[in-house]
Amino acid sequence: MGHYAAVWDDKAATEITKDWNGIDQVLLRNPHGASAKISLHGGQVISWRNDQGEELLFTSNKAIFKHPKSMRGGIQICYPQFGDCGSLDQHGFARNKIWVIDENPPPLHSNESFGKSFVDLLLKSSEEDLKQWPHSFEFRLRVSLAIDGDLTLISRVRNINGKPFSFSFAYHTYLSVSDISEVRVEGLETLDYLDNLSKRELLTEQGDAITFESEMDRTYLRSPKVVAVLDHERKRTYVIGKEGLPDTVVWNPWEKKSKTMTDFGDEEYKSMLCVDGAALERPITLKPGEEWTGKLMLTAVKSSFCFDQLELQSKGF
């Protein structure tokens, strides 16, 4: 690993192309063949592949790839609002905007750069944004791909306004799974959650793990830094690590709702699951000049096991 870190050229591992709408996409690669693709439309990660070339993120076959509509799948940046609990459109406007590559971002810790291929993106409030949400901000996003294939997203929101503002946030993460009925989520046991299918009723998780037999839309409150998604049929475990994101959203539309979504196939609920690192229950408030940081790290490992404490420490959690 140290050898690769010494010789791996992160600039050579980054390629910029255009999609069929002429919008830039950034392709990140690591030395072992893993990759990630990020669209400047929404700052959205639209692909994450392991070193076997297997796609780890779900994208609907009916997804609409046309600005300004966001694409159904990948990892969406939901800011400054998640869901419809506010005056803005569903999930806010950041996912619908064209971001730019940030050539000279403020520095991050050296661990967030060394031995990784990465791209820094920037979104600033526009006149159009200010009409619907009158707060000036700078949103910096770094997406990085490590030598071991881990995918990390770091969001930094700075208040450049003359007065405080508050926002909610989520990394709306569509994971690819083999069969939703064979999937379980561990790490959220005994937690309180808001059931978004029952007018945000506050309930407590009773199961040893979360399994799926019907539509689910829950916000787990004050959740741990690490959650695991076990895909038994594919013998794969996703480990989701997060910092600055106290809540976790778990969502699957199931059969009935799937049929009402124009950009989602009737049977596609079987092959996806959203598990989102989020800050929802208590909105983030920034005073003028203050900055918030929210970090998401995704790991995909073979077989169904949960990380022990030593493993978590080696991953930086």
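All of these numbers come straight from a predicted model, not from anything done at the bench. Counting starts from 1 at the beginning of each chain's written sequence and moves along it residue by residue. Owing to the predicted nature of the model, reporting of local features is limited to residues with pLDDT of at least 70; listing and counting of side-chain atom pairs is limited to 80 or more, with chain, interface and lining totals taken over all residues. By convention in this description, side-chain values take in all heavy atoms of the structure and omit both hydrogens and water.

We count a stretch as a helix when DSSP gives it H or I for four or more residues in a row; a strand needs E for two or more, and each element gets its number in order from the N terminus. Residue placement: Glu215 occurs in the loop between strand S13 (201–204) and strand S14 (216–220). In this structure, the C-alpha to C-alpha distance between Glu215 and Trp251, residues 36 residues apart in sequence, is 7.7 Å. Here, two residues are considered to be in contact whenever any of their heavy atoms come within 4.5 Å of each other. Aside from chain neighbours lying at most four places away, what touches Glu215 is Leu197, Asn252, Pro253, Trp254 and Lys257.

Attention shifts here to the sheet that holds strand S16 (residues 236–243). In short, DSSP must find at least two bridges between two strands for them to pair. Read from one edge to the other, the open sheet built from eight strands follows the order S6-S7-S8-S9-S19-S16-S15-S11, with strand pairing classed as antiparallel. Each edge of the open sheet carries a strand with a single partner, namely strand S6 (100–101) and strand S11 (183–186). Relative to strand S7 (residues 117–124), S6 runs antiparallel, the two being bridged by two bridges. Among the inter-strand pairings, Ile101 is bridged to a residue of S7, identified as Leu121.

With that out of the way, let us pick up unusual backbone geometry. Most peptide bonds take the trans configuration, and most residues that are not glycine carry a negative phi. With an omega dihedral of 0°, the bond running from Tyr79 to Pro80 counts as a cis peptide bond. Among the secondary structure elements, Pro80 is positioned in the loop between strand S5 (75–78) and S6. With a phi angle near 50°, Lys235 is a residue other than glycine that sits in the positive phi range. Looking at the element boundaries, Lys235 is found in the loop between strand S15 (226–231) and S16. Only protein chains enter the accessibility calculation, which uses a 1.4 Å probe. A residue is then buried if its area is under 20% of the maximum for its type, exposed if over 50%, and partly exposed in between. In this structure Lys235 comes out as exposed when scored by relative accessible area, which is 56%.

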